[in-house]
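Now for the letters of each chain:
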Amino acid sequence: MDSAYASAPKTNQTISRSTPNSRHHPQPQRRRHRPTPHSCARCAATASRGQRRARPPPSPVTAVRCHRRAPPAPSPATAARKLRRWKKPVDSARTRLEGRTRDHKLDKLMIQLKNLRLALDLHELISQQRNKYASLQLLSRWRHEVGLNIEIGAFLKKYPHIFDIYVHPIKRNECCKVTPKMSELIAQEDAAIRENELAIAKRLKKLLMLSKDGTLNMHALWLVRRELGLPDDYRCSILPNHQSDFSLSSPDTLTLITRDENLAVADVEEWRAKEYTEKWLAESETKYAFPINFPTGFKIEKGFRGKLGNWQRLPYTKAYEKNELHPIRNIERLEKRIVGILHELLSLTIEKMIPLERLSHFRKPFEMEVNLRELILKHPGIFYISTKGSTQTVLLRESYSKGCLVHPNPVYNDVVALMKWTVHFGFLRSTIRKADASNGRLLASLAEAAFLTGLEKNSSGYSDALAASAITWQDTQISF
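Residues numbered from 1 in each chain as written. Predicted model: local features only at pLDDT ≥ 70, side-chain atom pairs only at ≥ 80, totals over all residues. Heavy atoms only, no water.

Participant: Help me understand the layout of surface pockets, please; the structure alone is not making it clear to me.
Facilitator: Here the idea is plain: a probe the size of a water molecule rolls over the atoms and shows the empty space left. Computed from the structure, the largest pocket encloses a volume of approximately 1300 Å³. Along the wall of the largest pocket there are 44 residues; nearest its centre are R117, L120, D121, R225 and R226. For the lining of the largest pocket, the elements supplying multiple residues, two or more each, are helix 6 (104–127), helix 7 (136–146), helix 9 (180–195), helix 11 (218–223), helix 12 (225–228), strand 7 (353–355) and helix 19 (410–439). Element by element, the count of residues in the lining of the largest pocket is highest for helix 6, at 11 residues. (1 Å grid on protein atoms, 1.4 Å probe; cavity = no way out; pocket = protein on both sides within 12 Å on 5 of 7 lines; lining within 4 Å. Points joined across faces, edges and corners; volume = space filled by probe spheres on them. Helix = DSSP H or I, 4+ residues; strand = E, 2+ residues; numbered from the N terminus.)

This is how it looks when you write it as structure tokens:
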């Protein structure tokens, strides 16, 4: 037996003495749990019993990570983030403005008008000087007042056809003056405004008839004088010629004397009559309807057409009707009346647009005591808010097609001529620079000379010049 026991294979495992048959059935000894460095002090003390040397207690940072403790409380930022995850998304005027369907053609138009207005503001500042020129150092101080966020020299060099930069012969500093062609176009616009004095008086009369008491603040009129096509000196040049219609009851208030009921017809009424006679629509479908033109890419949700049809048939007190005769207690009818007033106000402007912040000056006289931006965003088929440019601008959608005014007027035609002179010359100049870098200076010089020759021949300054430059460009490319 001893020989058999001696011949048994030896094992390195430790024999446990806890069982009586441990000699015949050896079992491996279980290893004790060793504390990890991320255990807390309590776990470390429990695990180190039976060991010769106890480990030092861990730091408070590692003690928090113990799996036996409760998870730490989340920070206030984390709790707020988790709460927002399950919270219903906010539907406000700001979120609707950011998520609206954009009209890229109208946004492009606003960018072009912004550059034109910056150029006109600088022209006004330069023309106020004694010798009709100003130094670049002086203009750099005024660039923030104009709304220019780049260096004044870079902006002036971008439009050399408008601003002429030269070195003063005596002071030896860089100065700027307006080119004769730009001054001629601005003079044509001023002449067109003064020739339409009767249309301006009619526009002012309808604007006063929209107010509840026939009065308007002169400061509010001054802010929208360009949108209404008024000259800067309208207080001295137009109002004295129509004293039977207007009066200045106080230095800052314009009052309507006589109300003409023949003018109390909104612009949308003419559209309704045209739709009723030409398209043979029912009177109930057109009596209180508005023209709807949704932008490209607008998503129509389920049930939207039915709600829109019900809103189009909803009766309301029209813009030139007195609200006291038909008091409105329904909020939907009140909002539709305000939509009609805004529609008529935009129809009275030259370019069918007005800055959103300037509408706040007409809230009280026109009885529009609502959040105008939120109301405008509710009707994307009637109005459009463009954020391109210096401010948010409200445009009348039905008046524009492919970025152009459907029914232009003489003042708008001059504005378009100025805009094309400002924008398209810069575009062609950039093209000329590319050609100058690639094909040599001769090709660029010929194209620029053809463009300037066309501008001198054509008073509008766009179509003939562009055609001449394009022909010269093509011929020179063929010859080279």
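That shown, we press on.
Participant: Help me understand unusual backbone geometry, please; the structure alone is not making it clear to me.
Facilitator: Peptide bonds are, in most cases, trans, and in most cases residues other than glycine have a negative phi. Here E367, not a glycine, exhibits a phi torsion of approximately 55°, which is positive. Topologically, E367 is positioned in the loop between strand 7 and helix 18 (372–377). Residue classification places E367 among the partly exposed residues on the basis of a relative accessible area of 26%. (Buried < 20%, exposed > 50% of the residue type's maximum accessible area, 1.4 Å probe, protein only.)

Participant: Explain the environment of R194 here, please?
Facilitator: Looking at where R194 falls in the secondary structure, it is placed in helix 9. The spacing of R194 and Y234 is 40 residues in sequence and 9.6 Å in space, taken between C-alpha atoms. Beyond its immediate stretch of four places on either side in the chain, R194 contacts P231, D233 and S237. Polar side-chain contacts of R194 include one of 3.1 Å to the side chain of D233. (Contact = heavy atoms within 4.5 Å. Polar contact = N/O pair within 3.5 Å; in protein donor to acceptor, adjacent residues only side chain to side chain.)

Participant: Any chance you could explain the packing of aromatic side chains here in plain terms?
Facilitator: We describe a pair of aromatic rings using the distance from one ring centre to the other and the angle between the two ring planes. The tally for this structure, following the rule as stated, stands at nine aromatic pairs. With a centroid separation of 5.9 Å and 65° between ring planes, the pair formed by Y288 and Y316 is classed as edge-to-face. With Y288 in the loop between helix 15 (283–286) and helix 16 (304–312) and Y316 in the loop between helix 16 and helix 17 (331–347), the pair connects residues that are 28 residues apart, well separated along the chain. Consider the rings of F290 and W311, whose centres lie 5.8 Å apart with planes at 35°: the pair is tilted. Remark: W311 occurs in helix 16 and F290 occurs in the loop between helix 15 and helix 16; sequence separation between them is 21 residues. In terms of burial, F290 and W311 fall into one category: buried. A connected cluster of aromatic rings, assembled from ring pairs, spans Y288, F290, W311 and Y316. Sitting above the plane of the F290 ring, R272 keeps its charged end 5.1 Å from the centroid. (Phe/Tyr/Trp six-rings, centres within 6.5 Å; stacked < 30°, edge-to-face > 60°. Lys NZ or Arg CZ within 6 Å of the ring centre and 35° of its normal.)

Participant: Explain the pairing of strand 6 (residues 253–256) to me, please; I cannot follow it from the model alone.
Facilitator: Regular strands place their side chains on alternate faces of the sheet. Here strand 6 shows no split at all, with T253 and T255 on one side and L254 and L256 on the other all buried. In terms of strand pairing, strand 4 (residues 215–217) meets strand 6 through three bridges, oriented antiparallel. What sits directly across from T215, in strand 6, is T255. Direction of pairing for strand 5 (residues 246–250) relative to strand 6: antiparallel, over a ladder of three bridges. Counted as the bridge partner of S247 is T255 from strand 6. (Pairing = 2+ DSSP bridges.)

Participant: Is there a simple way to explain the pattern of salt bridges in this structure?
Facilitator: Pairing of side chains with opposite charge becomes possible as their charged atoms draw close. Using the criterion set out here, one finds 16 salt bridges in the structure. One salt bridge connects R272 with E269, and the closest N-O pair in it is separated by 2.8 Å. Separated by three residues within a single helix, R272 and E269 lie in helix 14 (residues 267–278), roughly one turn from each other. Overall, R272 belongs to the buried group, its relative accessible area being 3%. Taking the relative accessible area as the measure of exposure, E269 reaches 23% and is therefore partly exposed. Salt bridges sharing partners connect three or more residues here, namely D121, E124 and R226. (Salt bridge = Lys/Arg side-chain N within 4 Å of Asp/Glu carboxyl O.)

Participant: Even after reading the chapter, I still don't get empty space enclosed by the protein, so can you show me in this structure?
Facilitator: Taken as a whole and judged by the stated rule, the model has five cavities of 30 Å³ or more. One number sums up the size of the second largest cavity: a volume of about 50 Å³. Lining of the second largest cavity is provided by A266, V268, E269, R272, Y316, K318, A319, G340 and H343. Sorting elements by how many residues they give to the lining of the second largest cavity places helix 14 first, with three residues.

Participant: For this particular structure, what's the right way to read the sheet that holds strand 1 (residues 134–135)?
Facilitator: Backbone hydrogen bonds hold the strands of a sheet together, and the pairing may be parallel or antiparallel. Strand order in the open sheet formed by three strands is 1-3-2, with antiparallel pairing between adjacent strands. Because the sheet does not close on itself, it has two edges, and the strands there are strand 1 and strand 2 (163–167). Relative to strand 3 (residues 174–178), strand 1 runs antiparallel, the two sharing two bridges. Bridge assignment links A134 to a residue of strand 3, and that residue is C176.

Participant: I would appreciate a short explanation of the side chain of D107 in the present structure.
Facilitator: Structurally, D107 is set in helix 6. For D107, which is buried and forms no salt bridge, the nearest opposite charge comes from R102, at a distance of 4.8 Å. Reaching out from D107, the side chain makes a polar contact with the side chain of S386 at a distance of 2.8 Å. Beyond its immediate stretch of four places on either side in the chain, D107 contacts R102, Y384, S386 and K388. (Lys, Arg positive; Asp, Glu negative; His and termini not counted.)

Participant: Before we go on, may I ask you to explain the nonpolar core in this structure?
Facilitator: Within soluble globular proteins, side chains that are nonpolar generally end up buried alongside one another. Core analysis: the largest hydrophobic core is formed by 56 residues, its most contacted members being L207, L221, L359, F366 and F383. The greatest single-element share of this core, amounting to seven residues, is contributed by helix 10 (residues 197–210). In this structure, L207 is in contact with L216, L221, L228, L345, L348 and F366, ignoring residues within four places of it in sequence. Residues L118, L148, L156 and M353 belong to the second largest nonpolar core, which totals 32 residues. (Core = buried A, V, L, I, M, F, W, Y, C linked by side-chain atoms within 4.5 Å.)

Participant: Which parts of the structure should I look at to understand the sheet that holds strand 5?
Facilitator: Reading across the sheet, the three strands line up as 4-6-5 and stay open at both edges, with antiparallel pairing between neighbours. Taken across any chain shown, the strands that pair with only one partner, and hence form the sheet edges, are strand 4 and strand 5. Averaged over all pairs of adjacent strands, the angle between their axes in this sheet comes to 30°, without regard to strand direction. Docked against the sheet, helix 10 engages strand 4, strand 5 and strand 6, running at close to 90° with respect to strand 6. (Axes fitted to C-alpha atoms, helices over the stretch in contact; angles between N-to-C directions.)

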